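Inside the fold
The lines below spell out each chain.
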Amino acid sequence: MKETNTRVLIKEKIEAKFVFAREINNISKITDGEGQELAFSRTEDGNQIIFTHDTEGVEVAVEHTMDGGKIFHLSEDSKGLPAMHEFKYDGSEVMYLLDAEKKLEKTVETTLNGDKISTWYYDNGDTLMQEERQTGGTLFRFVTAHNNEALVWLRADGSASAHGDKFLIERLQLIFKAQLDGVEI
């Protein structure tokens with residue numbers, strides 16, 4: 001089985017990064033002649049944040065990170081739910097999709113080489129991942145809160161192999177039935 005360096009992010013740390021889920025202190029505000037307001041703040045780790053509204057009145061915060069990246073915090077995305085979109089200094093990007101209670105539901109990461117990693121976070125602590133690689137196929141991974149794990153690797157040629165807990169392998173086959181239907185594991 002090919003090694004994967006896919007990592008599981010810590011849900012609570014991501015949720016804590018979301019600007020609209022925490023209290024922001026030391027905000028400076030300015031208002032232009034048309035009544036548009038901009039607010040500025042700095043995080044404890046030195047990042048600068050600019051608060052504004054988009055053309056539809058949705059609150060937006062643009063965080064400029066110390067390493068040169070940017071994080072766009074949206075009080076609501078196109079579905080009306082809170083979200084963050086991080087453009088990292090290395091050129092990769094991650095979208096963080098939150099639920100109405102500002103809890104992380106899903107991340108979608110695009111790496112520099114074009115790989116796409118989608119991760120779903122369950123309330124019970126389980127994590128489901130789909131890593132679509134530019135070369136090598138697709139990896140499906142399930143990690144439970146109790147650290148049981150399964151991995152199914154669907155190669156570009158249509159062959160597959162699996163590793164880990166048999167029940168979780170079957171669960172992956174059920175969840176990703178459209179991609180794994182008819183594939184012999």
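Here, every reference points to the structure presented above.
Predicted, not measured: the structure shown is a model, and the values here were computed from it.

**Comments concerning the layout of surface pockets**
Approximately 450 Å³ is the volume found for the largest pocket. Around the largest pocket, the lining comprises 24 residues; the ones closest to its centre are R22, T43, D45, N47 and E63. Those elements that place two or more of their residues in the lining of the largest pocket are α1 (11-17), β2 (37-42), β5 (70-74) and β6 (83-87). Here the second largest pocket defines a volume of roughly 160 Å³. The wall of the second largest pocket is formed by D77, S78, K79, L81, L97, L98, E105 and K106. Secondary structure elements with two or more residues in the lining of the second largest pocket: β7 (93-98) and β8 (104-110).

**Points about the environment of K102**
Checked against the element boundaries, K102 lands in the loop between β7 and β8. For K102, a relative accessible area of 32% puts it in the partly exposed group. Among residues more than four places away in sequence, those in contact with K102 are E15, F18, F20, A21 and P82.

**Some thoughts on the nonpolar core**
When a protein is soluble and globular, its nonpolar side chains tend to lie buried together. I14, F51, A61, M84 and Y96 are the most contacted members of the largest nonpolar core, which has 15 residues in total. When contributions to this core are tallied by element, the ones reaching two or more residues are β3 (48-53) and β7. Sort the elements by how many residues they give to this core and β7 lands first, with three residues. Formed by 13 residues, the second largest nonpolar core is a distinct cluster that contains L128, V152, I169 and L172.

**Focus on the packing of aromatic side chains**
Within this structure, the stated rule accounts for six aromatic pairs. For the ring pair F140 and F176, a centre distance of 4.6 Å and an interplane angle of 40 degrees mean the geometry is tilted. One end of the pair, F140, is in strand β11 (residues 138-143); the other, F176, is in the loop between α2 (166-175) and α3 (177-180), with 36 residues separating them in the sequence. Taking the relative accessible area as the measure of exposure, F140 reaches 0% and is therefore buried. Look at F176 and you get buried, because its relative accessible area is 5%. Three or more aromatic residues joined by ring pairs form one cluster here, namely F18, F20 and F51. Of note, R155 hangs over the ring of W153, and the distance from its end group to the ring centre comes to 4.2 Å.

**Considerations on the environment of W120**
Its location among the elements puts W120 in strand β9 (residues 116-121). Counting along the chain gives 24 residues from W120 to Y96, while the straight-line C-alpha distance between them is 10 Å. Residues contacting W120, with those up to four places away along its chain left out, are E105, K106, D126, T127, L128, M129, Q130 and F176.

**A word on a nonpolar patch on the surface**
Taken together, the side chains of I30, L38 and F40 present a nonpolar region at the surface, about 230 Å² in accessible area. By the element assignment, F40 lies in strand β2.

**Thoughts on the pairing of strand β4 (residues 59-64)**
Judged from the six bridges that link them, β3 and β4 form a sheet pairing that is antiparallel. Bridge pairing in β4 places T52 opposite V60. Summarising the sheet, β4 and β5 pair through five bridges and their orientation is antiparallel. If you follow A61 over to β5, its bridge partner there is H73. With antiparallel pairing between neighbouring strands as the criterion, β4 and β5 make up a hairpin whose turn holds five residues, including G68 at a positive phi of roughly 100 degrees.

Conventions and cut-offs
Residues numbered from 1 in each chain as written. Predicted model: local features only at pLDDT ≥ 70, side-chain atom pairs only at ≥ 80, totals over all residues. Heavy atoms only, no water. 1 Å grid on protein atoms, 1.4 Å probe; cavity = no way out; pocket = protein on both sides within 12 Å on 5 of 7 lines; lining within 4 Å. Points joined across faces, edges and corners; volume = space filled by probe spheres on them. Helix = DSSP H or I, 4+ residues; strand = E, 2+ residues; numbered from the N terminus. Buried < 20%, exposed > 50% of the residue type's maximum accessible area, 1.4 Å probe, protein only. Contact = heavy atoms within 4.5 Å. Core = buried A, V, L, I, M, F, W, Y, C linked by side-chain atoms within 4.5 Å. Phe/Tyr/Trp six-rings, centres within 6.5 Å; stacked < 30°, edge-to-face > 60°. Lys NZ or Arg CZ within 6 Å of the ring centre and 35° of its normal. Patch = residues over 30% accessible without salt bridge, like charges linked within 9 Å, V, L, I, M, F, W, Y side chains within 5 Å. Areas by Shrake-Rupley, 256 points an atom, 1.4 Å probe, with all protein chains shown as cover. Salt bridge = Lys/Arg side-chain N within 4 Å of Asp/Glu carboxyl O. Pairing = 2+ DSSP bridges.

Everything listed here is a matter of geometry and, on its own, says nothing about what the molecule does.
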